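Remarks on the overall topology
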Amino acid sequence: MRILAGGPWRSLRGSIAAAVIATVFGGSALAAQDEEAQEAEAEAGVTTVQGVFSDEQATRGEDVFYNICAECHFEEDFGGPFIQSWAGASVKDLVDEIVATMPEDNPGGMPTEQYLDVVTYMFKLNGMPTGEDELATDDMDAVEIAVEIDP
């Protein structure tokens, strides 16, 4: 049997080729859209108002606060203007500042985890929600401090 180059076979081959091209390029377009959505989500980032620390972690921070920090500080010192001044910074920025300056008689004298626990307690004092997982020291740089202000 001989198939001619023209006729119905030609249009069938053209339709198949068009379908293959549409599938390949359509899939590429969908993949590009998905990649763009993932990039936008990554740019939006993770913030402290998304439950990035646990209640247990904040409770440990409260214990450290009352055993060490409360010698010089009150809970009220870390509300309103203080936490708002850190909005947009990373959690790591705040922890690094506290490590460098506190306690006043022994800056950097505690394990980083304890400093982070105290910071999560500050977040809880400011009404930031807790989640199921603890915020790890390795993740501090990826979390932005966000403050929701009631009008």
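Reading guide: rules and limits
Residues numbered from 1 in each chain as written. Predicted model: local features only at pLDDT ≥ 70, side-chain atom pairs only at ≥ 80, totals over all residues. Heavy atoms only, no water. Helix = DSSP H or I, 4+ residues; strand = E, 2+ residues; numbered from the N terminus. Buried < 20%, exposed > 50% of the residue type's maximum accessible area, 1.4 Å probe, protein only. Contact = heavy atoms within 4.5 Å. Areas by Shrake-Rupley, 256 points an atom, 1.4 Å probe, with all protein chains shown as cover. Disulfide = S-S within 2.5 Å. Core = buried A, V, L, I, M, F, W, Y, C linked by side-chain atoms within 4.5 Å. Salt bridge = Lys/Arg side-chain N within 4 Å of Asp/Glu carboxyl O. Expected span 1.5 Å × (residues − 1). Arc of directions from axis to C-beta.

**Re the overall build of the protein**
Counting its secondary structure elements, the protein contains five helices and two strands. Looking at the 151 residues of the protein, the share that counts as buried comes to 25%. Excluding contacts between residues fewer than 6 apart, the proportion of contacts in the protein whose partners are at least 24 apart in sequence is 76%. Of the roughly 10,000 Å² of accessible surface on the protein, a fraction of 54% belongs to carbon and sulfur atoms.

**Concerning the state of the cysteines**
Under the criterion given, the structure shown has zero disulfides. A disulfide-free cysteine, C69 has its sulfur positioned 8.9 Å from the sulfur of C72, the nearest such atom. Overall, the relative accessible area of 17% leaves C69 in the buried class.

**Notes on the nonpolar core**
Membership of the largest hydrophobic core comes to 27 residues, with the highest contact counts inside it found for F53, V91, L94, V95, V119 and F123. Looking at this core, the elements with two or more residues in it are α2 (55-67), α4 (91-101) and α5 (112-125). The element best represented in this core is α5, accounting for seven residues. Those residues in contact with V95 that lie beyond four places of it in its chain are T112, Y115, L116, V119 and M140.

**Describing the pattern of salt bridges**
For the structure on display, the rule yields four salt bridges. Between R60 and E134 there is a salt bridge whose closest N-O contact spans 2.8 Å. Of this pair, R60 sits in helix α2 while E134 sits in the loop between α5 and β2 (143-144), and the two are 74 residues apart along the sequence. In this structure R60 comes out as partly exposed when scored by relative accessible area, which is 36%. Using a relative accessible area of 40% as the deciding quantity, one classes E134 as partly exposed. One salt bridge connects D96 with K92, and the closest N-O pair in it is separated by 2.8 Å. Residue D96 and its partner K92 are both found in helix α4; the two are separated by four residues, about one turn of the helix. The class of D96 is partly exposed, set by a relative accessible area of 36%.

**Structural notes on α2**
Compared with the 18 Å implied by 1.5 Å per residue over 13 residues, the 18 Å span of α2 between its first and last C-alpha is a close match. Those residues of α2 not exposed but buried are Q57, A58, G61, V64 and F65. Along the axis of α2, the buried residues cluster in a sector spanning 115°; they form a single face. Turned more than 90 degrees away from the buried face of α2, the exposed residues are E56 and N67.

**Observations concerning α4**
Looking only at α4, the buried set comprises V91, L94, V95 and I98. Buried residues of α4, viewed axially, fall in a sector of 95°; they line one side. The inward-facing, buried residues of α4 abut α3 (80-85), α5 and β2.

All quantities given are derived from atomic positions and should not be read as evidence of function.
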